[in-house]
Amino acid sequence: MTKVAPSILASDFAKLGEEIKDVENGGADYIHIDVMDGHFVPNITIGPLIVDSIRPITDLPLDVHLMIENPDQYIEAFAKAGSDIITVHQEACPHLHRTIQLIKSYGVKAGVVINPATPAELIRPILKDVDLVLLMTVNPGFGGQSFIHSVVPKISQIDKWRKEEGLTFEIEVDGGVKAQTARLCTEAGADVLVAGSAIFNQEDRKEAIDAIRQ
Ligand SMILES: O=C(CO)[C@@H](O)[C@H](O)COP(=O)(O)O
Ligand SMILES: [Co+2]
């Protein structure tokens with residue numbers, strides 16, 4: 001079954017604990033946490049302290065999406081704060097293999113992310129080393145943007161390589177995912193759908209999660 005990962009970027013930070021419980025009760029599979037540094041992306045969001053505060057309030061896996069320059073410098077802090085999955089951008093990692101091994105050295109699952117304009121071929125050599133591939137369907141930095149349809153063939157391409165090479169990593173899609181666009185992603189081979197505004201902007205989070213999953 002397709003997994004749904006609500007992105008807390010679209011939640012009300014003044015009541016973050018309640019917001020997380022609400023999506024957990026609504027059937028969320030992961031909690032997606034968007035970390036932005038004001039350099040790799042124009043926006044600034046949250047750091048390891050917040051991950052540490054969230055950790056005791058949910059048993060759901062914390063899926064930490066690092067949109068930061070020099071992620072190696074912060075991986076230890078995010079791992080020790082209780083992340084279950086840490087994803088790093090190919091575009092931010094000149095030594096991607098080393099960074100993926102660094103994440104794994106803390107016993108955390110490692111994922112690689114690519115932006116909409118980055119070719120899938122650039123992550124092909126690392127596929128056998130990762131637990132998750134995240135394909136951005138918006139340019140990272142903000143919630144509430146429109147889904148970029150030209151990314152869909154990349155989902156199919158990654159899924160094709162996964163089958164051909166007998167690999168088991170999950171394929172996650174992030175940005176502009178709503179009920180309509182969710183279907184395009186799952187049909188192309190996505191296993192995990194991140195959604196921020198399509199979940200947190202709705203009053204009934206269970207209904208919103210179900211609509212995306214279906
Ligand atoms: O990583 C990002 C944005 O950079 C995402 O995780 C967004 O937070 C998704 O928000 P919506 O597009 O679903 O509103
Ligand atoms: Co994200």
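- Taking an unreviewed UniProt entry as the reference, the protein chain is identified by name as Ribulose-phosphate 3-epimerase belonging to Halobacillus karajensis.
- As recorded by UniProt, the Pathway (unreviewed entry) comment attached to the protein chain reads in full: "Carbohydrate degradation."
- Per UniProt, the protein chain has the following entry under Catalytic activity (unreviewed entry): "D-ribulose 5-phosphate = D-xylulose 5-phosphate".

1. Things to note about the coordination of the cobalt ion (ligand 2)
Turning to step 1, where the next piece is worked out: Distances from the cobalt ion (ligand 2) to its protein donors, His32 (NE2), Asp34 (OD), His65 (ND1) and Asp174 (OD), fall within 2.0 to 2.3 Å.
Turning to step 2, where the next piece is worked out: Each donor residue of the cobalt ion (ligand 2) lies on the same chain, and together they follow the pattern H-x1-D-x30-H-x108-D. Linking Asp34 in strand β2 (residues 31-36) with Asp174 in strand β7 (residues 170-174), this pair joins segments that are 140 residues apart in sequence.
Turning to step 3, where the next piece is worked out: Taking relative accessible area as the criterion, Asp34 reaches 6% and is therefore assigned buried.

2. A look at the site of ligand 1
Turning to step 1, where the next piece is worked out: Close to ligand 1 lie 20 residues, the nearest being Asp34, Gly144, Asp174, Gly196 and Ser197.
Turning to step 2, where the next piece is worked out: Between an oxygen atom of ligand 1 and a side-chain N or O atom of Ser7, the distance comes to 3.0 Å.
Turning to step 3, where the next piece is worked out: Within the side chain of His65, one N or O atom sits 3.2 Å away from an oxygen atom of ligand 1.
Turning to step 4, where the next piece is worked out: In isolation ligand 1 has 380 Å² of accessible area, and contact with the protein removes 99% of it.
Turning to step 5, where the next piece is worked out: Secondary structure elements with two or more residues in the shell around ligand 1: β2, β3 (62-67) and β8 (192-195).
Turning to step 6, where the next piece is worked out: The element contributing the most residues to the shell around ligand 1 is β2, with three residues.
Turning to step 7, where the next piece is worked out: Split by residue class, the shell around ligand 1 holds eight nonpolar, 10 polar and two charged.

3. Observations concerning the pattern of salt bridges
Side chains that differ in sign of charge can pair as their charged atoms come close.
Turning to step 1, where the next piece is worked out: All chains considered together, the criterion is met by 15 salt bridges.
Turning to step 2, where the next piece is worked out: Linking Asp191 and Arg162 is a salt bridge whose minimum nitrogen-to-oxygen distance equals 2.8 Å. One end of the pair, Asp191, is in the loop between α6 (179-188) and β8; the other, Arg162, is in helix α5 (residues 152-164), with 29 residues separating them in the sequence.
Turning to step 3, where the next piece is worked out: By relative accessible area, which is 23% here, Asp191 ends up partly exposed.
Turning to step 4, where the next piece is worked out: Taking the shortest distance from any N to any O, the salt bridge between Arg183 and Glu187 comes out at 3.7 Å. Here Arg183 and its partner Glu187 are both found in helix α6, four residues apart, which amounts to about one turn of the helix.

Conventions used here
Residues numbered from 1 in each chain as written. Chains lettered and ligands numbered in written order. Predicted model: local features only at pLDDT ≥ 70, side-chain atom pairs only at ≥ 80, totals over all residues. Heavy atoms only, no water. UniProt positions renumbered as here; feature names shortened; annotations may be inferred. Donors = N, O, S within 2.8 Å, 3.2 Å for Na, K, Ca; no water. Helix = DSSP H or I, 4+ residues; strand = E, 2+ residues; numbered from the N terminus. Buried < 20%, exposed > 50% of the residue type's maximum accessible area, 1.4 Å probe, protein only. Near = heavy atom within 4 Å. Polar contact = N/O pair within 3.5 Å; in protein donor to acceptor, adjacent residues only side chain to side chain. Areas by Shrake-Rupley, 256 points an atom, 1.4 Å probe, with all protein chains shown as cover. Nonpolar A, V, L, I, M, F, W, Y, C, P; charged D, E, K, R; others polar. Salt bridge = Lys/Arg side-chain N within 4 Å of Asp/Glu carboxyl O.

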